[in-house]
Amino acid sequence: MNRKTKKWIKGIGITLGSMLMLIVILAIVFNQIVFRLLLGIGSMDVYYGNNERGNQIMNYALSKIKNPDGETYHSISVQNTKNGNYDLAISDLEKAYELNPEEASAYYGWVLLYYYHDYERALEILNVHDAFTPNYPDAPVGEDIHYLKGLAQMQLGQYKEAINEFDSYITYIDSTSDEVYVDVYTFVQKGRCLTQLGQLTAAEHAYRKALKYYDKCTEAYYYLGLTQIEMNQRDSACVNFDKALNLIKKGYKSSDTYVEYFHEVYQMQIERSIDRNCR
């Protein structure tokens with residue numbers, strides 16, 4: 001065999017080896033794409049209420065995906081949370097947090113607060129998230145980090161600390177733009193905390209601040225009325241209860257499809273306060 005033939009055979013061998021390697025790589029990549037698509041199919045199945053089958057599909061796909069990242073576990077958790085499969089959702093969310101705490105902590109703290117009502121753990125995770133960007137106004141799931149921490153502390157009965165967090169949010173917005181852009185329910189929550197501390201005049205001021213920026217805030221009128229009852233201002237309280245009742249009948253009510261807000265009030269609740277205090 002001459003030198004030219006050997007060189008030609010060697011070239012063929014290298015080409016075939018490269019092609020084989022490419023086929024192997026493509027097969028691996030293709031399989032991973034298929035499993036990712038399968039994961040999406042399982043998620044959609046859960047979305048349409050087929051919880052058991054959808055989770056079986058997702059778990060199978062997940063077992064075949066190489067080194068799933070935190071975002072993968074996070075996406076699985078979100079759909080199960082929305083469907084009320086909390087035992088499954090929290091497990092995947094914890095894995096997402098372990099893999100990437102900086103990314104997962106925002107949603108994790110928020111969902112612990114609103115869905116699981118684990119206020120101590122929520123506050124812990126929210127503090128972790130806030131520490132990653134100490135000079136940046138974080139907003140997990142669109143809500144200010146200080147507002148969320150204040151909610152957790154309020155539910156834990158830490159009213160002074162909650163007020164400090166609400167004030168941090170209010171002060172920041174006021175200093176960077178204008179107080180008018182503060183979520184009005186921050187003033188409502190602050191008022192509720194002040195009421196718990198017996199600071200009734202300050203609480204009344206907080207509720208009126210909410211109404212200054214949103215004059216159809218049913219919740220502000222209702223909680224203002226409750227505070228005025230404690231202040232022996234029954235006539236004023238009844239006027240505000242009536243305003244709250246008229247507004248809620250017209251559909252002015254803070255609510256969400258998936259969770260109950262901590263300040264949320266209901267028509268029957270307002271009517272009961274009117275019956276008890278005004279008739």
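For the structure, see preceding data.
Not measured: the values here are computed from a predicted model.

Here we take up the overall build of the protein chain. When helices and strands are counted, the protein chain shows 13 helices and zero strands. Tracing the protein chain from N to C terminus, the helices and strands come up as α-α-α-α-α-α-α-α-α-α-α-α-α. Residue burial in the protein chain is summarised as follows: out of 279 residues, 43% are buried. Summarising the internal contacts of the protein chain: among those between residues at least 6 apart in sequence, 51% fall at separations of at least 24. Split by element, the accessible area of the protein chain, about 15700 Å² in all, is 53% carbon and sulfur.

Another aspect to go through is the pattern of salt bridges. Opposite charge on two side chains makes pairing possible when the charged atoms of those side chains draw close. A full pass over the atoms with the stated rule returns nine salt bridges. Note that glutamate 204 and arginine 208 form a salt bridge whose closest N and O atoms lie 3.2 Å from each other. Placement of both glutamate 204 and arginine 208 in helix H10 (residues 200-213) is noted, with a separation of four residues, approximately one turn of the helix. Under the relative-accessibility criterion, glutamate 204 is labelled buried at 14%. On the basis of relative accessible area, arginine 208 is assigned to the partly exposed category, the value being 43%. Each of Glu94, Arg121 and Glu124 takes part in a single network of salt bridges with overlapping partners.

Within the structure shown, the criterion is met by one disulfide. Between the sulfur of cysteine 238 and that of cysteine 278 lies a disulfide, 1.9 Å long from S to S. In this structure the cystine formed by cysteine 238 and cysteine 278 twists about its S-S bond by roughly -100°; its chirality is therefore left-handed. Here cysteine 238 is found in helix H12 (residues 234-249), whereas its partner cysteine 278 is found in helix H13 (residues 267-278), with 40 residues between them in sequence. Classification of cysteine 238 as buried rests on a relative accessible area of 14%. The partly exposed category is assigned to cysteine 278, whose relative accessible area is 29%.

One can describe the packing of helix H9 (residues 184-196) onto helix H11 (residues 218-230) by two numbers: an axis separation of 10 Å at closest approach and a directional angle of 15°. Considered as vectors, H9 and H11 are oriented roughly parallel to each other. Classified by chirality, the crossing of H11 by H9 is left-handed. On H11, the residues that touch Tyr185, Val188, Arg192 and Thr195 of H9 are Glu219, Ala220, Tyr223, Thr227 and Glu230. Per-class residue counts for the contact of H9 with H11 are four nonpolar, two polar and three charged.

To continue, consider a negative patch on the surface. A cluster of like negative charges, contributed by Asp69, Glu71, Glu102 and Glu103, occupies part of the molecular surface. Within the secondary structure, aspartate 69 is located in the loop between helix H2 (51-64) and helix H3 (70-82).

Turning our attention to the packing of aromatic side chains. For the structure shown, the criterion picks out 14 aromatic pairs. With a centroid separation of 5.9 Å and an interplanar angle of 45°, the aromatic rings of tyrosine 147 and phenylalanine 166 are classed as tilted. A residue pair is termed long-range when its members are at least 10 positions apart, and tyrosine 147 in helix H7 (residues 145-155) and phenylalanine 166 in helix H8 (residues 159-176) qualify at 19 residues. Judged by relative accessible area, phenylalanine 166 falls into the buried class, the value being 0%. Between tyrosine 147 and tyrosine 169, the aromatic rings sit 6.5 Å apart at their centres with planes inclined by 50°, giving tilted as the arrangement.

The next subject is helix H4 (residues 86-99). The end-to-end C-alpha separation of H4 is 20 Å, in line with the 20 Å expected for 14 residues at 1.5 Å each. Where H4 is concerned, the buried positions are Ala89, Asp92, Leu93, Ala96 and Tyr97. On an axial view of H4, the arc spanned by its buried residues comes to 145°, and they lie on one face. Residues of H4 that are exposed and point over 90 degrees away from its buried face: Asp87 and Glu98.

Moving on to helix H6 (residues 119-132). With 14 residues, H6 should reach 20 Å at 1.5 Å per residue; the first-to-last C-alpha distance of 20 Å fits that figure. Within H6, burial applies to Tyr119, Ala122, Leu123, Ile125, Leu126, His129 and Asp130. Structurally, H6 contributes buried residues whose contacts are with H4, helix H5 (101-116) and H7.

About the cut-offs
Residues numbered from 1 in each chain as written. Predicted model: local features only at pLDDT ≥ 70, side-chain atom pairs only at ≥ 80, totals over all residues. Heavy atoms only, no water. Helix = DSSP H or I, 4+ residues; strand = E, 2+ residues; numbered from the N terminus. Buried < 20%, exposed > 50% of the residue type's maximum accessible area, 1.4 Å probe, protein only. Contact = heavy atoms within 4.5 Å. Areas by Shrake-Rupley, 256 points an atom, 1.4 Å probe, with all protein chains shown as cover. Salt bridge = Lys/Arg side-chain N within 4 Å of Asp/Glu carboxyl O. Disulfide = S-S within 2.5 Å. Axes fitted to C-alpha atoms, helices over the stretch in contact; angles between N-to-C directions. Parallel < 35°, antiparallel > 145°, perpendicular 65-115°, else oblique. Left-handed = near helix turned anticlockwise from the far one by under 90°. Nonpolar A, V, L, I, M, F, W, Y, C, P; charged D, E, K, R; others polar. Patch = residues over 30% accessible without salt bridge, like charges linked within 9 Å, V, L, I, M, F, W, Y side chains within 5 Å. Lys, Arg positive; Asp, Glu negative; His and termini not counted. Charge placed at Lys NZ, Arg CZ, Asp CG, Glu CD. Phe/Tyr/Trp six-rings, centres within 6.5 Å; stacked < 30°, edge-to-face > 60°. Expected span 1.5 Å × (residues − 1). Arc of directions from axis to C-beta.

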